[in-house]
Amino acid sequence: MTFDAFRICALKTRNFECMRWLVLLLTFFTIPVWAQQTVELFIVEGGVTNGNYDMPYFTFNTSDQFDSSNAVLRFQTGEEVTFHVTNRSDFTCAFQVEGYGGIDRIAADETEEWTVTFDQPGTYLYEDPTQDHRALGLGGMLVVSDFTGPEFYAVFTEHDEEWIKAIAEGGVYDRRAYNPEAFTINGKGFPRTLKDTMSFIEASVGDTIIVHMTNAGYLHHFPHWHGYHVTILEASMHPHYIGWVKDSYGMAPGESVTVQLVPDKPGMFPVHNHNLVTTTIGGNYPGGMMMHMHIHE
Amino acid sequence: MNRALTIAFLSLLLAGPAAAQPLKQYSLVSLMDGVADFITDSNTTISLPFWGFGYTNANPTIVLPGPTIYAKEGDSIHVEMINPSMEGHTIHFHGLDVDQANDGVPHTSDFVLTNQSFTYRFKATHAGNFLYHCHVTTTLHLALGMYGMVIVYPADSSNRIYTNGPTYDRQHAYLLSDLDSRWNADYTAIGGFTTYAPDLFLINGKNRSMNYTDTNIQINGTIGDQHLLRFMNVGYRVNRIIFPSALNAVVHTSDGRVLDQPYAADTLIIYPGERYSVLAEILDETPSFVSTDYLDPYRLRFLGRDYIPVNDTNFTYITPSLEDNMTDTVGVGAAEIAAMPSVLVYPNPADNQIWVSTQGESIEHIEILDMSGRRVRSKHCQYPAERLELDGLNEGVYILNVSLENGKRVSRRCVVVR
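Residues numbered from 1 in each chain as written. Chains lettered and ligands numbered in written order. Predicted model: local features only at pLDDT ≥ 70, side-chain atom pairs only at ≥ 80, totals over all residues.

K.L.:
Could you give an account of the overall build of chain A, with specific residues and numbers?
P.N.:
When its secondary structure is counted, chain A shows three helices and 19 strands. Counting the 297 residues in chain A, one finds 53% classified as buried. Taking as baseline every contact in chain A between residues at least 6 positions apart, the subset at least 24 positions apart corresponds to 65%. (Helix = DSSP H or I, 4+ residues; strand = E, 2+ residues; numbered from the N terminus. Buried ≥ 20, exposed ≤ 12 C-beta atoms within 10 Å, placed from the backbone. Contact = placed C-beta atoms within 7 Å.)

So, in structure tokens, the structure goes:
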């Protein structure tokens, strides 16, 4: 595992204080290496559960071991990065970063390479733009930022087993009848989100916290914050939101929204989609698109 | 502990009893035995069971929506909830940023079980529009009717939208929600939460002709009158409010917070959980109406419509045209992903001018927004390739919103560097 891949995996690891130092340390040592920074990405098949049964699922991971969360790719402004994307699925895929381009074609079991300089800060959807492949799970978040404080990441996606099977196994699917039955944040439905270190906000009163959200699904999603209002810093498809102080907002399919949270009191609070059909999983409530924050004194 | 005691003692000493905050007290019951009438698509009246909240008294009756809770900015609010029903319920005060103990979420706060009661205590820190709803098996309990509004006035009780904000002559509160008549008819037979398919679209718990003669719903007035319209979406569907040309609608607050820049809108999208205060000036006394649309989170498909009459006491329901029913609005769904128009912006980064081009579709309009969302350029266009001058724009990142002839709208980022 290269240092750089390690930095990305590190974002999935809790113990933020420790990781922050490690990331800073690694950043310091890797500055001269940026010109050759390499990220290994794998398109891997696995399964997500909707509570009653597993459905086939595909994600971009930093190793060829399946993880239901697409890797969060995080870079600093100006970094030059070479991606090696390996397709472990049975069909041709692609890799595209919103606004930056990518790789148009990655045949089954092939590896393709793409080099890019991330010169514009922001939160971006990356995906396999091949028709409907995002429905397989192939959509994640790429962050370009120089922020060094506590930062969290939530990719909202919904899943329709029938559609996934039609794409993965070949078949007909009528998109007009789209009826997803599972709803996840970072590929996990509540209560599994409680163990999702990318979206579980652990911080203290008075901290300035940045939370990046990307809607990698095909439905509009509507995060609602309990306990606090947040300031919207970026909303790629609702630019009028920028600067507004909100507790509820909409994210269009493919949209990324970045918010700043400065908690004024301690507590454990949920953040969930207010289309409450999505806060269920396998017929249970609460479930699905619900993450949490634990704010310490 | 010592420090806390000292602070508490000092606070008492400094503030004294004179600083005791005004207190608003409410007592509500939660019950599951309501019955309400609605008007169906075939213009017949149906009665459906609902769950909800009502005032506490010897023989409590629940109402849809629940009683509105009023307070002034700075007030302390105590809401006692008594639960004589057969299931656990709670009240979550949506947008009031209450502390964890009073948040009404069973898995982080607590249930109010059968024959128990709980008093929710919090402070109204901002004037504006808020919601309350049960947070137990919310998907079901809210859908069946367990919700209401919280309206917070400025501290001085003035007829201003917010403290020191613009004044209004009259105000109206519109709580928009959607209801699946099948769920309300028999909640034990819904067959899974993803079956939710609303067929009744409500304003303040009623629909169609039940509302049109209600003077709290109607917007009646003479030219120059300023009406404050409070819109709140407690449903699971997207609302689209379309204002007639007889009203000059200006959006002033959202989610109980003042917008830095109020803006005029002929259409307002309200996502689930969002609230807006709109100041509407009457420009024309001819009868007209505000349309309230209900759209699906998938591709923002049109699901239904109701109306708010403007200076029209004889308003009758207008069946939406086939065109409305076919409309997909700004949402990008699966079908559009496949056919997403290719719009190129070059050079990017740019210095003094920029080209926007398509693969043959005519561009109708281009606007450039800066990163604070302010429109800095706007151009009406007609060709598949259009040039925009960037003189006078500061270096930085901008958003280009490009409208195409087929109604599609595409956003691109561009960077100006000199």
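After that view of the structure, there is still more to cover.
K.L.:
Give me the overall build of chain B: which residues, what numbers.
P.N.:
Along chain B, the regular secondary structure elements total six helices and 25 strands. Here chain B, with 418 residues, has 42% of them falling under the buried criterion. Here the contacts in chain B between residues at least 6 apart in sequence split such that 67% fall between residues at least 24 apart.

K.L.:
Lay out the sheet that holds strand E5 (residues 92–94) of chain B with the relevant residues and their values.
P.N.:
All names here are of chain B. Spatially, the four strands line up as an open sheet ordered E3-E8-E7-E5, and their pairing is mixed. The sheet is open, and its two borders are formed by strand E3 (69–72) and E5, each paired with just one other strand. The average angle at which neighbouring strand axes cross in this sheet is 25°, direction not considered. Sheet topology note: the strand E7 (residues 128–133)/strand E8 (residues 147–153) ladder contains six bridges and is antiparallel. Paired with Tyr-132 across the two strands is Gly-148, which belongs to E8. (Pairing = 2+ DSSP bridges. Axes fitted to C-alpha atoms, helices over the stretch in contact; angles between N-to-C directions.)

K.L.:
So what's going on with the environment of B:Thr119? Which residues, and what values?
P.N.:
Residues and elements named next belong to chain B. Topologically, Thr-119 is positioned in strand E6 (residues 116–123). Residues Thr-119 and Ser-27, 92 residues apart in the sequence, show an inter-C-alpha distance of 8.5 Å. When sequence neighbours within four positions are dropped, the list of residues in contact with Thr-119 reads His-78, Val-79 and Glu-80.

K.L.:
Give a description of the confidence of the model for chain A that names residues and reports values.
P.N.:
In the predicted model, chain A carries a mean pLDDT of 88, and 86% of its residues have values of at least 70. The model gives residues 1–19 of chain A a pLDDT under 50, and that stretch makes 32 contacts with residues more than four places away or in other chains. (pLDDT = per-residue confidence, 0-100.)

K.L.:
Requested: an account of the domain arrangement of chain B, with residues and values cited.
P.N.:
All names here are of chain B. In terms of domains, chain B is made up of domain 1 (18–153), domain 2 (170–328) and domain 3 (341–416). With 25 residues of domain 1 at the contact, the number on the domain 2 side is 29 residues. At the level of elements, strand E1 (23–39), strand E2 (45–55), E7, helix H2 (138–143) and E8 are the ones that each hand at least two residues to the side of domain 1 that touches domain 2. For the side of domain 1 that touches domain 2, the element with the most residues is E7, which contributes five residues. Of the residues that constitute the side of domain 1 that touches domain 2, the class distribution is 17 nonpolar, eight polar and no charged. (Domains from an automatic or database assignment. Nonpolar A, V, L, I, M, F, W, Y, C, P; charged D, E, K, R; others polar.)

K.L.:
Please give an account of the domain arrangement of chain A that cites residues and values.
P.N.:
The extent of an interface is frequently quoted as the accessible surface area lost upon association of the parts. All names here are of chain A. Considered domain by domain, chain A is made up of domain 1 (3–147) and domain 2 (180–296). Facing the 27 residues of domain 1 at the interface are 23 residues of domain 2. When residues of the side of domain 1 that touches domain 2 are traced back to their parent elements, those giving at least two are strand E8 (122–127) and strand E9 (139–144). Ranked by the residues each element gives to the side of domain 1 that touches domain 2, the list is headed by E8, at five residues. Split by residue class, the side of domain 1 that touches domain 2 holds ten nonpolar, 13 polar and four charged.

K.L.:
How would you sum up the interface of chain A and chain B? Please name residues and give values.
P.N.:
Listed per partner, the contact involves 47 residues of chain A and 45 residues of chain B. Breaking the side of chain A that touches chain B down by element, the ones donating at least two residues are strand E16 (245–246) and strand E18 (267–273) of chain A. For the side of chain A that touches chain B, the leading source of residues is E18(A), giving four residues. A per-class count over the side of chain A that touches chain B returns 20 nonpolar, 21 polar and six charged.

K.L.:
Now, about the pairing of E1(B): what can you tell me, with residues and values included?
P.N.:
Residue and element names in this part refer to chain B. Taken together, the seven bridges between E1 and strand E4 (residues 76–83) define a ladder with parallel strand orientation. Within E4, the position partnered with Lys-24 by the bridge is Ile-77. When E1 meets E2, the two strands line up antiparallel, connected through ten bridges. Pairing of Phe-38 across the sheet is with Ile-46, part of E2.

K.L.:
How would you explain the nonpolar core if you had to name every residue and give the values?
P.N.:
The nonpolar side chains of a soluble globular protein tend to be buried, and buried together. Counting 172 residues, the largest nonpolar core has A:Ala154, A:Val211, B:Phe93, B:Val150 and B:Phe231 as the members making the most contacts within it. If you tally residues by element for this core, the top one is E1(B), at seven residues. (Core = buried A, V, L, I, M, F, W, Y, C linked by C-beta atoms within 7 Å.)

K.L.:
Before we move on, could you go through the sheet that holds strand E24 (residues 396–404) of chain B and cite the residues and values that matter?
P.N.:
All names here are of chain B. Strand order in this open sheet of four strands is E22-E21-E24-E25, and the pairing throughout is antiparallel. The two strands at the open ends of the sheet, each matched to only one other strand, are strand E22 (375–380) and strand E25 (409–416). If you compare each strand with its neighbour and ignore which way they point, the axes differ by 20° on average. Relative to E24, strand E21 (residues 363–369) is paired through six bridges, and the arrangement is antiparallel. Its bridge partner being in E24, Ile-368 is matched across the sheet by Leu-400.

K.L.:
Any details on the confidence of the model for chain B? Residues and values, ideally.
P.N.:
Residues and elements named next belong to chain B. Model confidence for chain B is summarised by a mean pLDDT of 89, while 90% of its residues fall at 70 or above. Here residues 10–19 is modelled with pLDDT under 50, and outside its nearest four sequence neighbours on either side it reaches zero contacts, counting other chains as well. Between residues 326–340, whose pLDDT stays under 50, and residues either more than four places distant or in other chains, the model counts 28 contacts. Predicted as a complex, the structure gets a pTM of 0.81 and an ipTM equal to 0.88.

K.L.:
Please give an account of the environment of B:Ala173 that cites residues and values.
P.N.:
All names here are of chain B. Position of Ala-173 among the secondary structure elements: in strand E9 (residues 170–179). Separated by 56 residues in the primary sequence, Ala-173 and Leu-229 place their C-alpha atoms 6.1 Å from one another. Leave out the neighbours within four places in its chain, and Ala-173 touches Thr-68, Met-149, Ile-151 and Arg-230.

K.L.:
Help me get a handle on the pairing of strand E6 (residues 101–106) of chain A, residues and values and all.
P.N.:
Residues and elements named next belong to chain A. In this sheet, E6 lies alongside strand E5 (residues 93–97) in antiparallel orientation, the contact comprising four bridges. Bridge pairing in E6 places Cys-93 opposite Ile-106. Count of turn residues in the E5/E6 antiparallel hairpin: three residues, of which Gly-99 carries a positive phi of about 85°.

K.L.:
Explain the environment of B:Arg412 to me, using residue names and the numbers behind them.
P.N.:
All names here are of chain B. Tracing the sequence through the fold places Arg-412 in strand E25. Residue classification places Arg-412 among the partly exposed positions, given that 17 C-beta atoms sit within 10 Å. Taking the C-alpha atoms as reference points, Arg-412 and Val-402, ten residues apart in sequence, are found 7.9 Å from one another. Among residues more than four places away in sequence, those in contact with Arg-412 are Val-343, Val-345, Leu-400 and Val-402.

K.L.:
Account for unusual backbone geometry, with residues named and values stated.
P.N.:
Put simply, A:Phe190 and A:Pro191 share a cis peptide bond, and its omega is 10°. That bond from A:Tyr285 to A:Pro286 is cis: its omega, -5°, falls within 30 degrees of zero. We note that B:Asn115 has phi near 65°; this positive angle belongs to a residue other than glycine. Within the secondary structure layout, B:Asn115 lies in the loop between E5 and E6. A residue is classified by how many C-beta atoms lie within 10 Å of it, and B:Asn115, with 10 of them, is exposed. Residue B:Ser157 is not a glycine yet carries a positive backbone phi of 60°.

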